Each structure stands twice: as structure tokens, then as C-alpha cells.
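# Analysis of the macromolecular model
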Amino acid sequence: MMMLRISLDVVSFSAAMSVCGSSGEWHRAIGLLATMRGGAVEPNLRSHAAVVIACEKKGMWQPALELLRRMQDDTQRPDAFVCGALISACASPELWQRALAIFVGMQESKTTPDLVCCNALLQALQAGNQWMRAQDMLLDMQRLRLALDESSYTTALSAYDKGGQWQKALEVLATMRDELSEVNGMSWSLAISACDRAGEWEQALEVLSLACRELPETSLHQVAWAFVATGARDDETLRRVAEDVARRPEAFDVHVASGVVWTFASLRFPAPAAFVALGAAFERRLEEISVVSLPVEDLPLLAERALRMIWSFHAAGVEFEGLLVSTRRILRRIGRRLDRNAHVRMEMAPLAPAAYEQVGHDCPEGPAVVLDLVDRFVISKPPNWQCDDVRTARRGFCSLSTYMSGQLPHRRWSIFDDPRVRRGYLHRLDVPSSGLLLAARDYLAFYDLQLQMHTGCIQREYVVVCHGWMPATRIEVDAPIFARAQLTSEVSSRGKPSLTRFKVLAHALRNGTACSLLLVQIATGRNHQIRLHSAHIGVPLVFDTRYLAKPTVREDMAWSPRNFLHRYRLGFLDDAGSRREATAALPSDLVSAMLELQPRDTASAEALRRWAAGQGIKAWDAYNLSGRQWH
């Protein structure tokens, strides 16, 4: 148009800025606004609104707020439309206070907020976990005589869910059922989640039953996860969900698709057609995703959902080679992007001394690196060290993350400063337990190892001593584990699938009390899995203060310094795809405890002797114990 010497007016500029906003080109919209200011065209409210919306679409709150300041300097009063876009740009956990300040400024300037503004503020308060302010906002909306819509109620439900306010969530749900013609699946899901978070499982089950009766078939997938959480099972509803997703797999985004297959896999519900359809659609969607165009902060969540999909296919025993290839490819892209971003951030960061703190008197023995590769490593964790992420560190225990920050400074290895990816650790060990931990030095290696973990390629093997003589015929425990509050767990139908395998190495006695020396291999990694599964079948670990009767714990204190659990072997693939393994003999405190045991027979004596001498370390498959006749 300029080449044709056509003079541009405010309508032309505003239209062009709207197009830029729709395409996510917020910086071009700002450039057009600057062109207007530098020329003879005076921007109006519509022009500013177009730029604010462009910034809001990309979450660029800083330029949006700067634009608000300039409008005020130009004595232009932003209307409700502009303010709503500004508030939406601040709808994040860190910026809810800015969103609230904009809303208060509207009231002070006598700009009447509309429903869009109020809903935007509700979303900001929900993101900031401000359920009480969200509740006040609902009352303000009623005082303004605004007719609350589906978005208003759903956002309020989300705030109550995050705040653990299950009773208020149910009140909102009841209001929705009275005021709206139909309650959406997301609202039902949030109400169930609020009850589940609060431990009100009977209430959650009641809401789930109502949802299954009232929701249309095309929305049932949004509450299917609740069958896992409540321990209930309705095969007819699950069949309807499976048929729906098999019919229209393209209708489900990455988050929903991964959640649906996770539900089927966790419940072991046979839905092969749904798996095949969703797997193919998910594979196509992964191929279409441009990692470089996504915000960096969204990448860990995308990786988490892709990994959940892969785990579900693996757990269900469904063929997924094409999906695996696509997932590996996008995880590599995510890892490289995060590594590049971390490198830039480190280059900009000021030099600072390492955050290493001297190990306390209660931790005379520090961790040791037993296998050191270019991008991943294995360390041996002594007892009384916690696998924390700094924010979860508990007093009285040595912090593994603090120790490692001294050995691998964050300036060079920024993954150790990122709790979103467990600070680079692939798994954990309970505080009193000892053994091997696998960690990644960068994001690319972390997601490679995560994919191995979710497809059963990482071998985690343990040696334990338990009470009782476990029969040699007992080879595995397949029982769901539900993680309760205060770091305890229980076997429950509400839990996640959990599989533990056992091999009996020796039977022994200690002051007339029967004990067994076992090898253990886990196919899943739930909280206290080995300890809980052992107790569940009647052979609790020695000196297990959580799952053992107190009188027995007091007796064990006389000869065992802690729970007898040690991860002695890890097997995994390196970055070239070669099989690697790391091993760690029993630490001295557990060797001393083992010497207190009297073997039941010759085979047991040899097994106890070899493990005490550090000679019993072999891979799981190398132990052939089929000839044992213990019962």
C-alpha cells in the first residue's frame, strides 16, 4: 500500500495489528504502533487494544503494561476490553498481584469491568492459588449484576480445587447444575479432584456417579481418571469412553489423550482400538509440534505428557514403535532447546561461589561417584542422606542436592537448579536407605533416561533382609500403591499400578527369629514400594519404622542400624545406546548386621558369606535359583 502511495489511516493500522496478533507476531504489532506514533496517525483505543491482545496471546505482560502506562501518559483511558486483555496477560502464578492491581485501577478510574475482565481476573487468582480472593471476586461479580457463565464457574472450581476447598467446590457445582443447562466435563472433573485432594473419597465417588449419569458420551473422558483415584470401576462407562476416543482420536489434545490412555493402562482396561487410534493421532500431533516456537517454560510439561503416553502403552502391552520414534525425536528437541536456553542463562548470570555446605557431624560419609560418563553419572548415596530438591529438604538430614551443587556447580550444570526435572535425578531412595542413584548432567540426557525409565529399559536391583522365611515360589507382588499424606503409602484399589519381583537368596535366624535375604527388582517406582509390598505379603523389612510393629522395631535396633535396604545395581543405556551398569557392595553397617544372622542351610550360608564379602554382586538374570526347595 505504501508503494502505491496510499495514505494509511488508523483503521488500516489497527487491522494490520490485529492480523499480527492473530499470528502471534506481537513484536510486529508493537512496531506498527511505533510507526503510527512516529507519523501523522494518532493511535486510538482500538489500536492499543490490538497490540495488547497480541501481547496477551504470547503472555508478554511487560510490553503490555508499558503500553498501559503510555496510554495513561497520553491521557487515554483504557476501556474494559483493553484492561481485560492486560489482566489475561498477567494470569500466571507470579503475576496475579499485577492483574489485581489493574482491576483495582479500573475501579478507581471508574471504568466498569465487564464479564471478560472479571473472568480474566478469576483466572489470574486461580493461577496464583488465591481461592479466598477468587471467592470474593465471585461476590463482586454478583454485586455488579454480571451473569456468571461457564468460564466463571469453572475457574472458581479450579481455584477451590487447588486450595483444597472441597465443600465450596461442591457448592459451586450445585449452583452450576441449577443455573446452567449443562455442566461441562471439566467442571465435574475439578469438583471430583477437590474431593480427592481432601481425602473425601466417598464424596468424590458420589460426584463421579452423578457425572457419569449427566455427561454426554463425548465428555465422559474428562472424568475417566477419577476411576483410578476413587478405586471404583464402571466397565460400561469405560467402554463408552473407549468407543468415543476410537471414533474421533483427532479431537483430543496432547494432555487429554495422554490422560485417557493412562487411565486405561492404570485400570488395565482392555481398549486396543482406543490405544491404536490415540497412538496414531498422538504420533501425528508430535510430528506437527514446533518445539522452537513454544515458550521454554511449557516444554517440561509437554515432555511429561509424551512420557505418560509412552508409559501407558508400555504398561498396557500395546505395540507402539512409531509412537516411540516420534516421542524420542521430540524429547531430543526439547532437551536441546532447554540446554541452549540454560547455556544462554548461565552466560548472563554473574559468577558466584558454589553453594556447597560442609557436611554435618551426622553425615560422616559423603556420596561417591561410581560411574562417570560425559552426560550422565551414577552416585552411591549413604544412609541418612535425603534425595531432596532443596525446597523439600528436611532438618536433621544431609542434603544430596546441596552436596552435589558443590561438586557440579549450577553455573555449568544448570539442570541441578531446576526442580521441574527433579534436579537431574531419575529416581530417589528413602532417607535411611543406601545405594545407587542415576542422574543426568543436562536436559538431553535427562529425557533420554526418562524415556528408558518409562519403557522398562532401566534396571533397578536391590538386596534386602526381611522378617520371615519367604517361600522360593514367591516371585512377584503386583498390587496398586496409593501414596498417603505424611510420606506413607498403602496398598489400595485407589493406587497406581506397582510391580515388585523377588528372588530368595538365603534363609536365616537371628535369636530364633526367621529372616530372609532377598534380591528385589522393581518395574515401577512408587513411594516406599519395596517396603510396602514386602509388608503387604507378611515379610516386612528389618528395622522398617513405618511398616513394622513397634516392638519388632525395638528388637531390630539391637542388631541393625537402619532398615535393611540397599540398591546394589543399576543398568541403563548411554548416549550411544550401549548397555552400562554400576554396582555397589553392601555398606559396612549392613555387613555388620548381616554377620548377626545364622544360616538355615549350606546354600544360605554361602549366599550370606558372599554378600558380606562383597562377592555376591551379579545382575538379576545371572541369579538362577530355580533349584531351591524352600517353602
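Going by the structure above, here's the rest.
Below: a short report on this structure. What you see is a predicted model; the values in this text were computed from it and never measured.

This part takes up unusual backbone geometry. Unusually for a residue other than glycine, asparagine 129 sits at a positive phi of about 60°. Inspection of the secondary structure assignment puts asparagine 129 in the loop between helix 7 (115-127) and helix 8 (131-143). Given the relative accessible area of 38%, asparagine 129 is considered partly exposed. Unusually for a residue other than glycine, histidine 528 sits at a positive phi of about 60°. Relative to the assigned elements, histidine 528 resides in the loop between strand 11 (513-522) and helix 21 (529-536).

In this model, helix 12 (residues 201-214) (14 residues) spans 20 Å end to end at C-alpha, consistent with the 20 Å of a helix rising 1.5 Å per residue. The inward-facing, buried residues of helix 12 contact helix 10 (166-179), helix 11 (185-197), helix 13 (226-230) and helix 14 (235-247).

What follows deals with a positive patch on the surface. A surface patch of positive charge is lined by Arg328, Arg332, Arg333, Arg336 and Arg340. Relative to the helices and strands, arginine 332 resides in helix 18 (residues 321-348). Here arginine 332 falls in the partly exposed class, since its relative accessible area comes to 35%.

With that settled, consider the state of the cysteines. If you walk through the whole model with that rule in mind, you get zero disulfides. The structure places no disulfide on cysteine 83, whose sulfur is separated from the nearest cysteine sulfur, that of cysteine 117, by 5.8 Å. Residue class for cysteine 83 comes out buried when judged on its relative accessible area of 4%.

The tendency in soluble globular proteins is for nonpolar side chains to be buried as a group. Residues Trp188, Phe264, Ile334 and Tyr447 are the most contacted members of the largest nonpolar core, which totals 147 residues. The leading source of residues in this core is helix 17 (residues 299-316), at nine residues. Phenylalanine 264 has contacts with Leu238, Val241, Ala242, Val245, Phe269, Ala271, Ala274 and Phe275, leaving out every residue within four places of it along the chain. In terms of nonpolar packing, the next biggest core, distinct from the first, is built from 26 residues, Cys515, Leu517, Leu586 and Leu597 among them.

Rules of the game
Residues numbered from 1 in each chain as written. Predicted model: local features only at pLDDT ≥ 70, side-chain atom pairs only at ≥ 80, totals over all residues. Heavy atoms only, no water. Helix = DSSP H or I, 4+ residues; strand = E, 2+ residues; numbered from the N terminus. Buried < 20%, exposed > 50% of the residue type's maximum accessible area, 1.4 Å probe, protein only. Expected span 1.5 Å × (residues − 1). Contact = heavy atoms within 4.5 Å. Patch = residues over 30% accessible without salt bridge, like charges linked within 9 Å, V, L, I, M, F, W, Y side chains within 5 Å. Areas by Shrake-Rupley, 256 points an atom, 1.4 Å probe, with all protein chains shown as cover. Salt bridge = Lys/Arg side-chain N within 4 Å of Asp/Glu carboxyl O. Lys, Arg positive; Asp, Glu negative; His and termini not counted. Charge placed at Lys NZ, Arg CZ, Asp CG, Glu CD. Disulfide = S-S within 2.5 Å. Core = buried A, V, L, I, M, F, W, Y, C linked by side-chain atoms within 4.5 Å.

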